[in-house]
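Now for the letters of each chain:
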Amino acid sequence: MKHLYRKWQAILVLMLGTMFLAACQTMVPKTMPPSSPSQQPDAPTTRPDDGPIGGVLPSDETRHRIALLLPLSGKDAGVGQSLANATTLALMDTKASNIRITSYDTARGALAAARRAIADGNRLILGPLFGDDVVAIASAANAAKVPIISYSNDVGIAGNNVFVMGYVPAQSIDRVVRHARAQGITRFAALVPAGTYGQRASSAMLASVNAAGGTVVAMQSYAAGNAAVTTALKKMEQDSAYEAILIADSGAAAIRIVPLIRANGGTDARILGTELWNTERTLTTSPAMRGAWFASVSDGLYRQYATKYRAQFGSDPFRLSTLGYDSVLLTSRIARDWRPGTVFPMDKLRDSGGFIGLDGAFRFGRNGVAERLMEVQQVGVGQLTIASPAPKTFAD
């Protein structure tokens with residue numbers, strides 16, 4: 001498996017390195033135009049072809065038809081468009097002329113978009129972005145034997161031909177907890193926001209600390225506002241001293257909360273975070289955050305990707321747009337042994353050796369959730385450093 005992983009890692013790095021160095025000489029693909037208010041919610045838009053092979057474009061009969069379901073209008077159009085652009089970039093970089101991707105707007109009805117995609121003969125759905133949209137289309141897709149590779153991080157929607165590719169909070173929590181345990185920390189605490197994310201983070205924290213041989217000595221949830229956080233911290237003071245405390249919230253929230261932790265019993269505690277911190281650019285400018293640890297996918301290849309994305313589309317990508325890019329890499333690899341027009345070979349998604357993409361290595365477990373190899377980053381002065389690199393293989 002190590003040999004397989006390193007082989008694919010080398011191929012990806014070589015491919016991306018060549019493409020990024022040659023960006024100024026590469027033909028800029030047409031971007032996906034944002035949907036207008038008058039456009040039908042399920043009106044499809046086909047991704048631009050990379051170009052003719054031998055002067056002739058491949059026919060639809062020789063190409064795999066893939067549907068991309070994303071919000072391309074409305075309040076979430078920005079992130080949807082970024083994901084769509086990323087799939088275009090991946091098609092261009094891989095020169096995957098045997099794949100045809102057609103976009104369907106989910107903003108005004110995911111089920112309508114999915115039904116149109118299935119009727120059009122698509123054999124695989126990439127997306128949707130939101131868990132609720134996946135739930136809405138799952139039965140129709142399953143009945144048509146069309147699997148879904150969703151960009152959601154809701155593990156509750158996985159199964160029955162639904163695969164979850166998003167960044168799962170439980171995995172980042174487990175990774176940072178195990179790193180802290182390896183540094184000798186045994187007594188943990190956690191602050192979690194009220195709501196579904198906080199509930200899942202609480203369960204993940206308890207399970208991870210227990211598995212790592214530590215003890216959760218305090219855990220409190222909080223509503224919005226500094227007063228609610230301070231109240232939660234004062235309750236923690238009455239419990240027991242902790243050596244590390246997880247803030248299961250955004251990086252911006254952590255910057256606001258850490259001074260309150262220092263003033264309410266957690267003077268020397270190590271601050272721990274989740275994958276949500278990876279998108280917060282001001283972490284390294286906050287003195288209070290220095291020394292904090294959080295686990296996330298690697299940013300090594302993302303920086304190169306973001307540079308090329310800006311050159312092609314004239315704007316910064318959303319961080320999670322790499323999910324769109326990597327889903328095309330995954331599809332392109334499987335398409336080598338998949339005959340056009342036939343049912344998608346779902347068993348290929350469960351390759352125990354995993355896949356390699358911009359976000360590093362990942363593989364789908366039996367539950368249909370993407371397991372990722374994450375690194376632990378430490379917040380420093382003006383920069384993030386790698387406190388613990390991502391494992392090289394899933395066996396490490």
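For every chain, the first residue of the written sequence is number 1, and numbering continues from 1 along that sequence. Confidence filtering applies because this is a predicted model: local features only for residues at pLDDT of at least 70, side-chain atom pairs given and counted only at 80 or more, and all residues used for totals across whole chains, interfaces and linings. Hydrogens and water are ignored here; the side-chain numbers use all heavy atoms of the structure.

Trainee: Account for the overall build of the chain, with residues named and values stated.
Mentor: Labels follow the DSSP assignment, with helices taken as runs of H or I lasting at least four residues and strands as runs of E lasting at least two, numbered in each case from the N terminus. The number of helices and strands found in the chain is ten helices and 16 strands. For every residue, the accessible area (1.4 Å probe, protein chains only) is compared with the maximum for its type, and the residue is labelled buried under 20%, exposed over 50%, or partly exposed between those bounds. Taking all 396 residues of the chain together, 53% fall into the buried category. By the convention used here, residues are in contact when the closest approach between their heavy atoms is within 4.5 Å. Nonlocal contacts in the chain, meaning residues at least 24 apart in sequence, comprise 70% of its contacts between residues at least 6 apart. Surface accessibility of the chain: about 16,900 Å² in total, with carbon and sulfur atoms responsible for 52%. Only the protein chains shown count as cover for residues, and the accessible areas themselves come from Shrake-Rupley with a 1.4 Å probe.

Trainee: Could you give an account of the nonpolar core, naming the residues involved and the relevant values?
Mentor: Ranked by internal contacts, the top residues of the largest apolar core, which has 46 residues, are Leu126, Ile149 and Phe364. Elements with a minimum of two residues in this core: strand E2 (64-70), helix H2 (77-94), strand E3 (99-105), strand E4 (124-126), helix H9 (300-313), helix H10 (322-335) and strand E13 (360-364). In this structure Leu126 touches Ile66, Ala67, Leu68, Leu69, Ile101, Ile149, Tyr151, Ser327, Val328 and Thr331, once residues within four positions along its chain are discounted. What makes a nonpolar core is a set of buried Ala, Val, Leu, Ile, Met, Phe, Trp, Tyr and Cys residues whose side-chain atoms join them at distances within 4.5 Å. Ranked by size, the runner-up nonpolar core spans 26 residues in total, among them Ala232, Ile247, Ile271 and Ala292.

Trainee: So, the sheet that holds strand E12 (residues 355-357): which residues are in play, and what are the values?
Mentor: One requirement defines pairing of two strands: DSSP has to find at least two bridges between them. One open sheet accounts for three strands, arranged E12-E13-E14; its pairing is antiparallel. A strand with exactly one partner marks an edge of an open sheet, and here the two such strands are E12 and strand E14 (370-372). Sheet twist, expressed as the mean angle between neighbouring strand axes with direction ignored, is 35 degrees. For E12 and E13, the ladder comprises three bridges, and the chain directions are antiparallel. Looking at the pairing, Ile356 lines up with Ala361 of E13. Fitting a line to C-alpha atoms yields each axis, with helices limited to the stretch in contact; the angle taken between N-to-C directions then spans 0 to 180 degrees.

Trainee: Describe the packing of H2 against H10, and please don't skip the residues or the numbers.
Mentor: Helices that pack against each other are described as a pair by the angle of their axes relative to one another and the distance between those axes. Contact geometry for H2 and H10: axes closest at 7 Å, N-to-C directions at 40 degrees. Here H2 lies oblique to H10, going by the angle between them. Two packed elements cross with a definite hand, and for H2 against H10 that hand is right-handed. Facing H2, whose interface residues are Leu83, Ala86, Thr87, Leu89, Ala90, Leu91, Asp93 and Thr94, H10 presents Leu323, Gly324, Tyr325, Val328 and Leu329. Gly is placed with the polar residues, together with every amino acid not listed as nonpolar (Ala, Val, Leu, Ile, Met, Phe, Trp, Tyr, Cys and Pro) or charged (Asp, Glu, Lys and Arg). The class makeup of the residues in the contact of H2 with H10 is nine nonpolar, three polar and one charged. An angle below 35 degrees is read as roughly parallel, one above 145 as roughly antiparallel, one from 65 to 115 as roughly perpendicular, and any other as oblique. By convention, the crossing between two helices is left-handed when the near helix turns anticlockwise from the far helix through less than a right angle, and right-handed when the turn is clockwise.

Trainee: An account of the packing of aromatic side chains is needed here, citing residue identities and associated values.
Mentor: Between 30 and 60 degrees the pair is tilted, below 30 it is stacked and above 60 it is edge-to-face, where a pair is any two Phe, Tyr or Trp rings, Trp via its six-membered ring, whose centres lie within 6.5 Å. If you walk through the whole model with that rule in mind, you get nine aromatic pairs. Note on Tyr302 and Tyr305: the rings are 5.8 Å apart at their centroids and 50 degrees apart in plane angle, and the pair reads as tilted. Of the two residues, Tyr302 and Tyr305 both sit in helix H9, three residues apart, roughly one turn of that helix. Given the relative accessible area of 14%, Tyr302 is considered buried. Ring geometry for Tyr309 against Phe313: centres 4.8 Å apart, planes inclined by 55 degrees, an arrangement best described as tilted. Of this pair, Tyr309 and Phe313 both sit in helix H9, four residues apart, which is roughly one turn of the helix. Here the aromatic cluster, defined as three or more aromatic residues joined through ring pairs, consists of Tyr302, Tyr305, Tyr309, Phe313 and Tyr325. Charges are assigned to positions over rings by a cutoff of 6 Å between ring centre and Lys NZ or Arg CZ, combined with an angular limit of 35 degrees from the ring normal. Its end group placed over the ring of Trp293, Arg270 keeps NZ or CZ at 3.8 Å from the ring centre.

Trainee: Mind laying out the environment of Ala252, listing which residues take part and the relevant values?
Mentor: The residue Ala252 is located in helix H8 (residues 251-263) in this model. For Ala252 and Thr279, which are 27 residues apart along the polypeptide, the C-alpha to C-alpha distance reads 9.5 Å.

Trainee: Before we move on, could you go through helix H3 (residues 110-119) and cite the residues and values that matter?
Mentor: For H3, every residue scored as buried is listed here: Ala110, Ala113, Ala114 and Ala117. The arc enclosing the buried residues of H3, seen along the axis, measures out at 95 degrees, which places them on a common side. Those residues of H3 that are exposed and angled more than 90 degrees off the buried face are Arg115 and Ala119. Against the buried residues of H3 lie E2, E3 and helix H4 (131-143). Within two residues after H3, Gly121 carries a phi angle of roughly 95 degrees, on the positive side. In this description, the arc belongs to the directions extending from the helix axis to the C-beta atoms.

Trainee: Tell me about the environment of Thr230, and name the residues and values.
Mentor: Here Thr230 lies in helix H7 (residues 226-237). Separated by 31 residues in sequence, Thr230 and Ile261 have C-alpha atoms that sit 7.9 Å apart. If we ignore the near neighbours within four places in the chain, the residues touching Thr230 are Leu260 and Asn264.

Trainee: Tell me about the pairing of strand E11 (residues 293-296), and please be specific about residues and values.
Mentor: Residues Trp293 and Ala295 of E11 are buried on one face, and the alternating residues Phe294 and Ser296, pointing to the opposite face, are buried as well. One ladder, built from two bridges, connects strand E10 (residues 270-273) with E11; its direction is parallel. Bridge pairing links Leu272 to Trp293 in E11. Across four bridges, E11 lies against strand E15 (residues 375-379) in antiparallel orientation. Residue pairing across strands places Trp293 opposite Gln378, the latter belonging to E15.

Trainee: I'd like to hear about the pattern of salt bridges, residue by residue, with values.
Mentor: Oppositely charged side chains may form a pair once their charged atoms are brought near each other. Criterion for a salt bridge: a side-chain nitrogen of Lys or Arg within 4 Å of a carboxyl oxygen of Asp or Glu. Within this structure, the stated rule accounts for ten salt bridges. The shortest N-O distance in the salt bridge between Arg319 and Asp299 comes to 3.0 Å. Here Asp299 lies in the loop between E11 and H9 and Arg319 lies in the loop between H9 and H10, a separation of 20 residues in the sequence. Across the pair, Asp299 and Arg319 agree in class, each one buried. Residue Glu371 is joined to Arg363 by a salt bridge in which the shortest nitrogen-to-oxygen separation is 3.1 Å. Overall, the relative accessible area of 31% leaves Glu371 in the partly exposed class. Members of the salt-bridge network, linked through shared partners, are Asp299, Arg319 and Asp359.

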